[in-house]
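Inside the fold
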Amino acid sequence: PPRSTLMRSSAASDVYKRQVSTQSTGQETARVQAHTKSIRDLKFDSEQQLYFMTASVDTKAKLWDTRTLAPLQTFDTGRSINCCSISSKSDHVILAGGQEAVDVALTRVDPAQFHVRIWHRSLAEELGQIGGHFGPVNTLSYSPDGSSFASGGEDGYVRVHHLGDDYAALDEEVDVE
């Protein structure tokens with residue numbers, strides 16, 4: 001077996017994940033259909049890279065085992081997901097997206113679709129939402145210490161969200177058995 005692997009997607013509309021050997025041959029070693037529509041983002045958990053997350057237009061984000069490509073968890077927001085980020089300090093992930101910008105001007109828009117959603121990583125339970133953008137959110141990133149995250153969107157704004165005591169208390173509200 002290869003000592004290291006490279007995860008790649010060949011195009012924005014590619015709904016497959018491929019595990020490619022970076023050792024001698026560079027041959028594809030595994031292929032898994034990840035989503036039913038295009039994948040917009042892929043983020044690893046941390047420097048350990050034990051798992052990674054994909055965000056898709058099919059309204060789902062999925063957590064995957066890096067070694068086996070087995071799905072570990074699915075998060076369904078009911079809306080297109082453009083981006084995701086995995087906290088290195090808590091059992092949380094954040095997801096965001098929203099209706100395509102071209103469609104926003106043509107239809108009545110629910111501003112909640114542009115909120116960043118906080119989910120419990122292990123339980124796939126939505127814990128809360130943070131507003132701020134007035135268009136689709138295209139990028140998210142937790143800070144290395146997990147005390148904040150940044151978001152950027154179609155509205156042209158970058159927002160830095162500092163997470164306080166309310167955020168720390170989210171896990172107390174979840175029934176973890």
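Above this text is the structure in question.
1. A short note on the packing of aromatic side chains
For the structure on display, the rule yields four aromatic pairs. Relative to Phe-52, the ring of Phe-44 has its centre 5.7 Å away and its plane inclined at 55 degrees; by these criteria the two rings are tilted. Using a relative accessible area of 31% as the deciding quantity, one classes Phe-44 as partly exposed. Taking the centre distance of 5.9 Å and the plane angle of 65 degrees together, the rings of Phe-134 and Tyr-157 count as edge-to-face. Of the two residues, Phe-134 sits in the loop between β11 (125-130) and β12 (137-142) while Tyr-157 sits in the loop between β13 (148-153) and β14 (158-162), which places them 23 residues apart along the sequence. Since its relative accessible area comes to 44%, Tyr-157 is described here as partly exposed. For the cation-ring pair, Arg-159 lies above Tyr-157, with the distance from its terminal atom to the ring centre recorded as 5.1 Å.

2. Topic: the sheet that holds strand β4 (residues 39-44)
If you walk across this open sheet you meet the four strands as β4-β5-β6-β7, and the pairing is antiparallel. Strands with a single pairing partner mark the edges of an open sheet, and in this sheet they are β4 and β7 (71-76). On average, each strand axis in the sheet is tilted by 15 degrees relative to the strand beside it, whichever way the strands run. Strand direction decides the pairing type here: strand β5 (residues 51-56) and strand β6 (residues 60-65), joined by five bridges, are antiparallel. Among the inter-strand pairings, Phe-52 is bridged to a residue of β6, identified as Trp-64.

3. Here we look at the sheet that holds strand β9 (residues 92-97)
Spatially, four strands are ordered β8-β9-β10-β11 in an open sheet, and the strand pairing comes out antiparallel. With one partner strand each, in any of the chains shown, β8 (81-86) and β11 form the two edges of the open sheet. With strand direction ignored, the average angle separating the axes of adjacent strands in the sheet is 25 degrees. Bridging between β8 and β9 involves five bridges; their strand directions are antiparallel. Each residue of the ladder has a partner; that of Ile-86, found in β9, is Val-93.

About the cut-offs
Residues numbered from 1 in each chain as written. Predicted model: local features only at pLDDT ≥ 70, side-chain atom pairs only at ≥ 80, totals over all residues. Heavy atoms only, no water. Phe/Tyr/Trp six-rings, centres within 6.5 Å; stacked < 30°, edge-to-face > 60°. Buried < 20%, exposed > 50% of the residue type's maximum accessible area, 1.4 Å probe, protein only. Helix = DSSP H or I, 4+ residues; strand = E, 2+ residues; numbered from the N terminus. Lys NZ or Arg CZ within 6 Å of the ring centre and 35° of its normal. Pairing = 2+ DSSP bridges. Axes fitted to C-alpha atoms, helices over the stretch in contact; angles between N-to-C directions.

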